[in-house]
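Here is how the chains run, residue by residue.
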Amino acid sequence: NGSPSQITLDTTDVFIECTATDLTKAKVTLNTVCAMFSEYCTPNAFEVEPVEVVDAFGDVHVFPDMSERQMTVPTEYINRNAGIELDTPTIATLLNKMMLRSSVGADGSSVHVSVPVTRSDV
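Residues numbered from 1 in each chain as written. Predicted model: local features only at pLDDT ≥ 70, side-chain atom pairs only at ≥ 80, totals over all residues. Heavy atoms only, no water.

> Could you give me a rundown of the pattern of salt bridges, with the residues and numbers involved?
Scanning the model with the defined rule gives three salt bridges in all. The shortest N-O distance in the salt bridge between Arg-80 and Glu-76 comes to 2.5 Å. Taken together, the residues span about one helical turn, with Arg-80 and Glu-76 both in helix α2 (residues 75-82) at a distance of four residues. Looking at Arg-80, the relative accessible area reads 51%, which means it is exposed. Two residues, Arg-119 and Asp-121, come together in a salt bridge whose shortest N-O distance is 2.8 Å. For Asp-121, a relative accessible area of 58% translates into the label exposed. (Salt bridge = Lys/Arg side-chain N within 4 Å of Asp/Glu carboxyl O. Helix = DSSP H or I, 4+ residues; strand = E, 2+ residues; numbered from the N terminus. Buried < 20%, exposed > 50% of the residue type's maximum accessible area, 1.4 Å probe, protein only.)

Put into structure tokens, the structure is as follows:
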């Protein structure tokens, strides 16, 4: 909003605010912006301080939520939707190469994936 709020090399604190009519999109946007900005935090890179938000109903929420999402996906579902025929260990290996921490599920026919906050497309 001009000179009084510009970020300089001497800036020590940045408050990132996000307003939206869709809570899911607001969370994705806030998480992505915070994750990208946090890379430049010094001396503690990737440090983000969460804030408590009280909504119109009096419920308290903490934002941003920088935790990884956990997903377990059947191998058959992955193969069908990707149009491929790969075994479960191969899929897990390829997902790891794509920087998605993955392992073969306990049942042997699914893949367990940890999705980082920066991958809202997954």
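> For the pairing of strand β4 (residues 101-104), give the residues involved together with the corresponding values.
Looking at chain direction, β4 and strand β5 (residues 110-115) are connected through four bridges and run antiparallel. Within the sheet, the bridge partner assigned to Ser-103 lies in β5 and is His-112. What sits between β4 and β5 in their antiparallel hairpin is a turn of five residues, with Gly-108 showing a positive phi close to 80 degrees. (Pairing = 2+ DSSP bridges.)

> Can you lay out the side chain of Asn-31 for me, pointing to particular residues and giving the numbers?
Summarising the element assignment, Asn-31 is placed in helix α1 (residues 23-38). In contact with Asn-31, not counting residues within four places along its chain, are Pro-64, Asp-65, Met-66 and Val-117. (Contact = heavy atoms within 4.5 Å.)

Worth remembering: the numbers are spatial, not functional.
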